[in-house]
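Next come the chains, spelled out residue by residue.
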Amino acid sequence: MSNTSKSLLVQGYEVVIGFETHAQLATQSKIFSRAPIAFGAEPNTQACAVDLALPGTLPVMNQGAVELAIRLGLALGSHIAEHSVFARKNYFYPDLPKGYQISQFEIPVVQGGEVSFFLGDEKKTVRLVRAHLEEDAGKSLHEDFIGQSGIDLNRAGTPLLEIVTEPDMRSSAEAVAYAKELHKIVTWIGICDGNMQEGSFRCDANVSVRKPGAELGTRREIKNLKSFKVMQQAIDYEVRWQIEEIEDGRTIQQATVLFDPDTGETRAMRTKEDAADYRYFPDPDLPPLVIAREWVEQVRAGMPELPRQMAERLVRDYGLPEYDATTLTQSPAMAAYFETAAKASGQAKLVSNWIMGEVSRRLNADEGDMAAVPVSAAQLAALIARIADGTISNNAARQVFDALWTGEGSDVDAVIEAKGLKQMNDTGALEKIIDEVMAANADNVAQFRAGKEKAFNALVGQVMKASKGKANPQQVNDVLRQKLQ
């Protein structure tokens, strides 16, 4: 069972989800050969004799792939096996010319570990079973050939790390949050580029339902979920389908299914194989993989600060709420942007609010990322310093930010001056405006003095309008209350 909080029920059923994720490792060559792995090459131009297991060829382990597996194990708090074994996973398919896939079965290189993340304000933890090294298969192409299939073996032998969880997730939202966190970790530590459209980060979801407290239900595996949006749609549909089947008196059959985004439905591809069907046995051409503790410590010394460690530091050093710190560590670029702006302005929480609000909103609208933010961290720091010292209001700050974002200006103070956005700090001028507003709104004055607080807000609004938004809101509140009393 999960160590997360009690799950929500769907039509009286508990949803149980486990994940298998294939992360393509960021090596320059394949896992057992020197063939390249660049995406998008002409079919069958990046497969060599070793990838095809032609007679007389032998696989040789890619040391770089092992090091990337060690990095993941260190990042997830896993046990890194000093001794692991490669096995042949036997199955017959046109894009697997060897008739088997080299993988790991009984003794994987990475064992256990966990992934923690936030779902809203609630912290969740998903336990991992293992992460094992294996090679990818080729690809069958059906669209370009009438009545035939083409075989592209460029992917054959591409190094993968298959990351397997316990069935700890209890909703599609939790599953997507887990997948996003894992995606963040593998890209953060540089073991995978995370490109889902190119197949570098492929997720399979094992989904079942059960009555609360009952034994685990029969699972169906949804293959190759290539975006987080599709992932949620597929799981939600599969859950509804399984519940309807059970309610109608039918039995769920273990199967591998595909999700069609066009119809919004899953369809069975084949009955699900169990381990025995693959006839695993140790690969006779590969010796056991032996990892010295000294190697692990060398890799550890070169690891970057991990997202969860950085989040804890942001809470400790900058006094941020844990939610803010987790959000700001979505990528190294966002975290670095925050720290630069926070140090320069001395206003960490305000910087956090702006990054999570205005910056993120505009990036989402432009479909951009932190590496392409047109407002530098130094510019944001200067803007926030002007909010903090009372030079401009929040509304005026948004106008300045818009000018910086669109390239209308580059210097914060120059934009403030050019647009006439400085707040009114002349108490005498403000008192004159307030006197005029009170005289013109005698009814609101009388209502406030009769105990109606809403009337005060109406008066504040009138003062801000009369000052053309340049009055300092806090100063307006203080002076107005003083005069009303």
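Our structure's up above, just so we're on the same page.
Residues numbered from 1 in each chain as written. Predicted model: local features only at pLDDT ≥ 70, side-chain atom pairs only at ≥ 80, totals over all residues. Heavy atoms only, no water.

A. The arrangement of the overall build of the protein in detail. Summing up its helical and strand segments, the protein has 15 helices and 18 strands in all. Over its C-alpha atoms the protein spans a radius of gyration of 29 Å, topping by over 25% the 23 Å that the globule rule assigns to 485 residues. Seen through its C-alpha atoms, the protein measures out along the principal axes to roughly 95 × 55 × 50 Å. The proportion of buried residues among the 485 residues of the protein is 49%. When contacts within the protein are restricted to residue pairs at least 6 apart in sequence, those whose partners lie at least 24 apart make up 69%. Carbon together with sulfur atoms contributes 49% to the accessible area of the protein, which is approximately 23700 Å² in total. Treating the 52 positive side-chain charges of the protein as one cloud and the 66 negative ones as another, the clouds have centres 4 Å apart. (Helix = DSSP H or I, 4+ residues; strand = E, 2+ residues; numbered from the N terminus. Rg over C-alpha atoms; globule rule 2.2 N^0.38 Å. Buried < 20%, exposed > 50% of the residue type's maximum accessible area, 1.4 Å probe, protein only. Contact = heavy atoms within 4.5 Å. Areas by Shrake-Rupley, 256 points an atom, 1.4 Å probe, with all protein chains shown as cover. Lys, Arg positive; Asp, Glu negative; His and termini not counted. Charge placed at Lys NZ, Arg CZ, Asp CG, Glu CD.)

B. The nonpolar core, seen in detail. Within the largest apolar cluster, 110 residues are counted, with the highest numbers of intra-cluster contacts made by F19, L133, Y178, M231 and I235. It is helix α2 (residues 172-188) that provides the largest number of residues to this core, a total of nine residues. When neighbours within four sequence positions are excluded, F19 is seen to be in contact with I163, V164, T165, M169, A175, Y178, A179, C203, D204, A205, M231 and I235. If you look at the next biggest cluster of nonpolar residues, it comprises 18 residues, including V437, L459, A471 and V476. (Core = buried A, V, L, I, M, F, W, Y, C linked by side-chain atoms within 4.5 Å.)

C. Inspection of the packing of helix α10 (residues 394-406) against helix α11 (residues 412-419) at higher detail. The interhelical angle for the contact between α10 and α11, taken along N-to-C directions, is 115 degrees, at an axis separation of 10 Å. The two elements α10 and α11 meet at a crossing, and its hand is right-handed. Across the interface between the two elements, Q399, V400, A403 and L404 of α10 pack against V412, V415, I416 and K419 of α11. Residue composition of the contact of α10 with α11, by class: six nonpolar, one polar and one charged. (Axes fitted to C-alpha atoms, helices over the stretch in contact; angles between N-to-C directions. Left-handed = near helix turned anticlockwise from the far one by under 90°. Nonpolar A, V, L, I, M, F, W, Y, C, P; charged D, E, K, R; others polar.)

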